[in-house]
Amino acid sequence: MTQVPGAGVTDHGGGVWSVAVPIPDNPLGHTLVHLLDTDRGPVLVDTGWDDPDSWDVLVAGLAACGADVGDVYGVLLTHHHPDHHGLSARVRAASGAWLAMHEADAHVVRRTREYPMERWYGYMADKLTAAGAPAAHVAPLLAARDAGRTPRLAAHPPALPDRPLPPGELLDLPGRRLRAVWTPGHTPGHVCLHLEEAHPARLPGRGRLFSGDHLLPGITPHIGLYEDPDNTTVTDPLGDYLDSLERVGRLGAAEVLPAHQHAFAHAPARVRELLAHHEARLAGLRALLAEPRTPWQLAERMEWNRPWADIPAGSRTIAVSEAEAHLRRLVKLGRAEAVPGSEPVAYVAV
């Protein structure tokens, strides 16, 4: 692994590089966009946030890798979040590259483009009210909906992918052996990509894994609800994530190339840490349910990276979604249940 001075670029060897593309005003700092050399030209794993400065960094970073953005052959998207998918449209416009994404996340992209933002604000206001959020938290969402002040997160609508990312199959990348691994949890269509080739530094294990946000060296990825105004199916995102973690652990990758922080080895050990973390979190949540509580009341009492009073409104909404994902897991495991007749719905341990 070699750092390219001043370019935010790392040469991971064997025709793999990463470019640190900044995320504006975000504590994560950047997304690691990976470049994979193929016999047909460079292929990107994710693209970074849709921002002019981020675009300039991506273009300069590709140049430092010896590539031109106009030569990009294809883009493999681990998931639909804007810090991964945001610049896809610009890359495609500059190069004619295809964009590939798992169908479950492609559905999210289509839905996001088609639904007016007012509908999303109303939907989220209803969900938060049902979770026990106070009126003061919900009021700005309703005001924004009613006033039509509903800006998008990024400068442009998310790009529609051109092709699916079929899980379990070797992808059509000349000269490389890359297999898609479906890892739902962080999003319904999150995909990791297993490079089934010998590690260039001969590290023990089975190739390398582009892990997106699924497996990070020092961060526990957010697991919230899969939101869809048209779908009333009761999903289990945390269960999906835990199953996906075990699947990834069994791959035995020699090295993980995540979308944030840094590359790391010992993937099975990190998987075990995350499984233990969520089991402890479920146990702590169940202890809080010794008396009936709504999802909002649970989120207020859960441990976060700062006190609840210091968490801004948008992050509180995300925290409630994570509390609800854990609640659904407890209910599915038979460790908690809804209190009949409670409104908003409260849950209690069983």
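Just so it is clear, the model here is predicted, and its values are computed rather than measured. (Residues numbered from 1 in each chain as written. Predicted model: local features only at pLDDT ≥ 70, side-chain atom pairs only at ≥ 80, totals over all residues. Heavy atoms only, no water.)

Caption draft 1: Structural detail: unusual backbone geometry. Across the junction of Glu343 and Pro344, the peptide omega takes the value -5 degrees, indicating a cis bond. The residue Pro344 is located in the loop between strand 13 (336–338) and strand 14 (347–349) in this model. Even without a glycine there, the phi angle at Asp25 is positive, about 55 degrees. Here Asp25 lies in the loop between strand 3 (16–22) and strand 4 (30–38). (Helix = DSSP H or I, 4+ residues; strand = E, 2+ residues; numbered from the N terminus.)

Caption draft 2: Region of interest: the pattern of salt bridges. Within the structure shown, the criterion is met by 16 salt bridges. In this structure, the salt-bridge partner of Glu196 is Arg177, at a minimum N-O distance of 3.2 Å. With a gap of 19 residues between them, Glu196 in the loop between strand 10 (191–195) and strand 11 (208–212) and Arg177 in the loop between strand 8 (163–164) and strand 9 (178–182) connect regions that are remote in the sequence. With a relative accessible area of 21%, Glu196 lands in the partly exposed category. For Glu196, the salt bridge goes to Arg179, with nearest N and O atoms at 2.7 Å. Within this pair, whereas Glu196 is found in the loop between strand 10 and strand 11, its partner Arg179 is found in strand 9, the two being separated by 17 residues in sequence. Of the residues examined, Arg179 reaches a relative accessible area of 23% and is grouped as partly exposed. The structure contains a network of salt bridges with shared partners spanning Arg177, Arg179 and Glu196. (Salt bridge = Lys/Arg side-chain N within 4 Å of Asp/Glu carboxyl O. Buried < 20%, exposed > 50% of the residue type's maximum accessible area, 1.4 Å probe, protein only.)

Caption draft 3: Representation of the packing of helix 7 (residues 237–251) against helix 10 (residues 313–332) within the structure. Helix 10 packs onto helix 7 with a crossing angle of 80 degrees between their chain directions and a minimal axis gap of 7 Å. Regarding the angle of helix 7 to helix 10, the classification is roughly perpendicular. Contacts between helix 7 and helix 10 involve Leu238, Gly239 and Leu242 from the first element and Ala325, His326 and Arg329 from the second. (Axes fitted to C-alpha atoms, helices over the stretch in contact; angles between N-to-C directions. Parallel < 35°, antiparallel > 145°, perpendicular 65-115°, else oblique. Contact = heavy atoms within 4.5 Å.)

Caption draft 4: Structural view of the packing of aromatic side chains. Taken as a whole and assessed by the stated rule, the structure comprises four aromatic pairs. Ring centres of Tyr115 and Trp120 lie 5.8 Å apart, and the angle between their planes is 40 degrees; this geometry places the pair in the tilted category. Accessibility assignment for this pair places Tyr115 and Trp120 in one class, buried. Considering the side-chain rings of Trp120 and Tyr123, the 6.0 Å spacing of their centres and the 85 degrees angle between planes classify their relative orientation as edge-to-face. With Trp120 and Tyr123 both in helix 5 (residues 117–130) and three residues apart, this pair spans about one turn of that helix. A relative accessible area of 16% means that Tyr123 is categorised as buried. An aromatic cluster is present here, built from Tyr115, Trp120 and Tyr123 joined pairwise through their rings. A cation over a ring is seen here: Arg119 above Tyr115, with NZ or CZ 4.2 Å from the ring centre. The ring of Trp304 has Arg281 lying over it, and the distance from NZ or CZ to the ring centre is 4.7 Å. (Phe/Tyr/Trp six-rings, centres within 6.5 Å; stacked < 30°, edge-to-face > 60°. Lys NZ or Arg CZ within 6 Å of the ring centre and 35° of its normal.)

Caption draft 5: How the structure looks around the side chain of Ser321. Locating Ser321 in the fold gives a position in helix 10. Residues contacting Ser321, with those up to four places away along its chain left out, are His222, Ile223, Gly224, Leu225 and Glu227.

Caption draft 6: Representation of the packing of helix 5 against helix 6 (residues 135–147). Where helix 5 meets helix 6, the axes come as close as 8 Å, and the angle between the chain directions of the two elements is 160 degrees. The orientation of helix 5 relative to helix 6 falls into the category roughly antiparallel. The way helix 5 lies across helix 6 gives a crossing that is left-handed. Taken together, the residues of helix 6 that come into contact with helix 5 (itself represented by Glu118, Tyr121, Gly122, Met124, Ala125, Leu128 and Thr129) are His137, Val138, Leu141, Leu142, Ala144 and Arg145. For the contact of helix 5 with helix 6, the residue count by class is eight nonpolar, three polar and two charged. (Left-handed = near helix turned anticlockwise from the far one by under 90°. Nonpolar A, V, L, I, M, F, W, Y, C, P; charged D, E, K, R; others polar.)

Caption draft 7: How the structure looks around the pairing of strand 11. A large share of strand 11 lies buried, amounting to five of its five residues. Taken together, the three bridges between strand 10 and strand 11 define a ladder with antiparallel strand orientation. Looking at the pairing, Leu193 lines up with Phe210 of strand 11. Inspection of the sheet shows strand 11 paired to strand 12 (residues 255–258) by four bridges, in the parallel sense. Opposite Phe210, over in strand 12, you have Leu257 as the bridge partner. Between strand 11 and its parallel partner strand 12, the chain crosses via helix 7, and the hand of that crossover is right-handed. (Pairing = 2+ DSSP bridges. Right-handed = clockwise from strand over helix to strand, strands pointing away.)

Caption draft 8: Local environment of the environment of His79. Here His79 shows up in the loop between strand 6 (74–76) and helix 2 (82–85). Given a relative accessible area of 0%, His79 falls into the buried group. Note: C-alpha distance between His79 and Pro52 (27 residues apart in sequence) is 21 Å. Excluding its chain neighbours within four sequence positions, the residues that come into contact with His79 are Asp46, His84, His85, Met101, Asp105, His186, Thr187, His190 and Asp213. Separated by 3.3 Å, the side chains of His79 and Asp213 make a polar contact. (Polar contact = N/O pair within 3.5 Å; in protein donor to acceptor, adjacent residues only side chain to side chain.)

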